[in-house]
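# Observations on the model geometry
If you want the building blocks of each chain, they are given just below.
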Amino acid sequence: MKSRTTFRRGQSDPVAESVAPYSDHADDYAAVHAPKMADRVERFAGSLPVPSLILDAGCGPGRDLARFRKHGHVVRGVDLNSVFVAMVNAHAPTSECDLREVGSRFPAGTFDGIWASASLVHLDLVDAVDVLGQFAGLLRPGGRLYVCLSATGRTGWLDEPDGRRWYTVWDPDEFAATVASAGFTIDSVDRGPYVEVWATRGG
Ligand SMILES: C[S@@+](CC[C@H](N)C(=O)[O-])C[C@H]1O[C@@H](n2cnc3c(N)ncnc32)[C@H](O)[C@@H]1O
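The name given to the chain in an unreviewed UniProt entry is Class I SAM-dependent methyltransferase, with Streptomyces alanosinicus as the source organism.

### Observations concerning helix H6 (residues 125–138)
A rise of 1.5 Å per residue sets the reference length of H6, with its 14 residues, at 20 Å; its end C-alpha atoms lie 20 Å apart and thus fit the reference within 8%. Turning to H6, its buried residues are Asp 127, Ala 128, Val 131, Leu 132, Gln 134, Phe 135, Ala 136 and Leu 138. Packing partners of the buried residues in H6 comprise strand S1 (53–57), strand S4 (111–117), strand S5 (139–150), helix H7 (172–181), strand S8 (184–191) and strand S9 (194–201).

### So, the pairing of strand S6 (residues 156–160)
Pairing of S6 with strand S7 (residues 163–167), which is carried by five bridges, proceeds in the antiparallel orientation. Of the residues in S7, the one forming a bridge with Asp 159 is Arg 164. Connecting S6 to the antiparallel partner S7 that follows it, the hairpin turn spans two residues.

### Describing the site of the ligand
In the neighbourhood of the ligand, 20 residues make up the surrounding shell, with Gly 58, Arg 63, Asp 79, Leu 99 and Ser 117 lying closest. A distance of 2.7 Å separates a nitrogen atom of the ligand from a polar atom in the backbone of Gly 58. Between the ligand and the protein, one listed contact pairs an oxygen atom with a backbone N or O atom of Gly 60 at 3.5 Å. About the coverage of the ligand: the protein hides 95% of its 590 Å² of free accessible area. Residue composition of the shell around the ligand, by class: eleven nonpolar, six polar and three charged.

### What to know about the sheet that holds S8
The seven strands are arranged S3-S2-S1-S4-S5-S9-S8 in an open sheet whose pairing can be described as mixed. Across the chains shown, the open sheet's two edge strands, defined by having one partner strand only, are strand S3 (94–96) and S8. Within this sheet the neighbouring strands show an average axis-to-axis angle of 15°, counted without direction. The pairing of S8 with S9 spans seven bridges and is classified as antiparallel. The residue bridging Thr 185 from the neighbouring strand is Thr 200, located in S9. The sheet strands contacting helix H5 (residues 82–89) are strand S2 (74–79) and S3, and the helix crosses S3 at an angle near 165°.

### Points about the packing of aromatic side chains
One pass over the structure, following the stated rule, counts eleven aromatic pairs. Each ring, one from Tyr 22 and one from Tyr 29, has its centre 5.4 Å from the other, and the planes form 85°; the classification is edge-to-face. The partly exposed category is assigned to Tyr 29, whose relative accessible area is 28%. With centroids separated by 5.3 Å and ring planes inclined at 85°, the aromatic side chains of Phe 68 and Trp 115 adopt a geometry described as edge-to-face. With Phe 68 in helix H4 (residues 63–70) and Trp 115 in strand S4, this pair connects stretches of sequence that are 47 residues apart. Judged on exposure class, the residue Phe 68 and its partner Trp 115 are both buried. Connected via pairs of aromatic rings, a cluster forms that spans Phe 44, Phe 68, Trp 115, Tyr 146 and Trp 198. The ring of Trp 157 has Arg 164 sitting right over it, with the charged end atom 3.7 Å from the ring centre.

### Some thoughts on the environment of His 33
Residue position: His 33 is located in helix H2 (residues 26–33). On a C-alpha basis, the gap between His 33 and Cys 59 in space is 12 Å, while along the polypeptide they are 26 residues apart.

### Remarks on the pairing of S1
Remember that side chains alternate between the two faces of the sheet whenever the strand is regular. A large share of S1 lies buried, amounting to four of its five residues. Here S1 runs beside S2; their pairing, made up of five bridges, is parallel. Bridge pairing in S2 links Ala 57 to Val 78. Crossover handedness for the path S1 to H4 to S2: right-handed. One ladder, built from three bridges, connects S1 with S4; its direction is parallel.

Criteria and thresholds
- Residues numbered from 1 in each chain as written.
- Predicted model: local features only at pLDDT ≥ 70, side-chain atom pairs only at ≥ 80, totals over all residues.
- Heavy atoms only, no water.
- Helix = DSSP H or I, 4+ residues; strand = E, 2+ residues; numbered from the N terminus.
- Expected span 1.5 Å × (residues − 1).
- Buried < 20%, exposed > 50% of the residue type's maximum accessible area, 1.4 Å probe, protein only.
- Contact = heavy atoms within 4.5 Å.
- Pairing = 2+ DSSP bridges.
- Near = heavy atom within 4 Å.
- Polar contact = N/O pair within 3.5 Å; in protein donor to acceptor, adjacent residues only side chain to side chain.
- Areas by Shrake-Rupley, 256 points an atom, 1.4 Å probe, with all protein chains shown as cover.
- Nonpolar A, V, L, I, M, F, W, Y, C, P; charged D, E, K, R; others polar.
- Axes fitted to C-alpha atoms, helices over the stretch in contact; angles between N-to-C directions.
- Phe/Tyr/Trp six-rings, centres within 6.5 Å; stacked < 30°, edge-to-face > 60°.
- Lys NZ or Arg CZ within 6 Å of the ring centre and 35° of its normal.
- Right-handed = clockwise from strand over helix to strand, strands pointing away.

Below, the structure written as structure tokens:
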């Protein structure tokens, strides 16, 4: 049984607090991270028939939505940060949404693919498990999931130049087992500073 004992009672929502600082430097964030993840996007895009409907869950400034569209896919984005959502909406349909409620925002089985690049990092274990279950519900049987999150460092608050953020650090094997328990077949696990899980929705 996962526990959320790491969040102290009475504090404001750690996820909202962690997401807020992205607003202050949204353009800089987009520029710094623009070159990243291209090979992963290519691999995920190529694992789906064209066109497929892909949800970028925690899309940030929208780098990967634009790439998926170039591959011929149809995209939707969600993010909790309103500044990122406004940026992305200029070129891809995106809505402000907390991933902890994403399952209620679209009908079950809507998506062929869900892409969650470093977007579950600020959730505690309990919420991450719950969100993975919501992802399973939103994917059609046989739909694909990519999810990566922190595998090095320490779980807890991290003071960063633009503010403090909560990070949950996962053991890669435990994370892969958690994804499997949420209703997925694990296709592969890449281990590095981030654990990256490629999975297929069972059913
Ligand atoms: C580290 S950034 C990654 C952004 C983008 N996916 C990328 O790979 O560059 C984390 C993103 O997840 C979003 N995020 C974090 N927790 C979220 C939540 N509970 N609901 C929706 N978005 C969330 C943040 O606002 C931010 O855009």
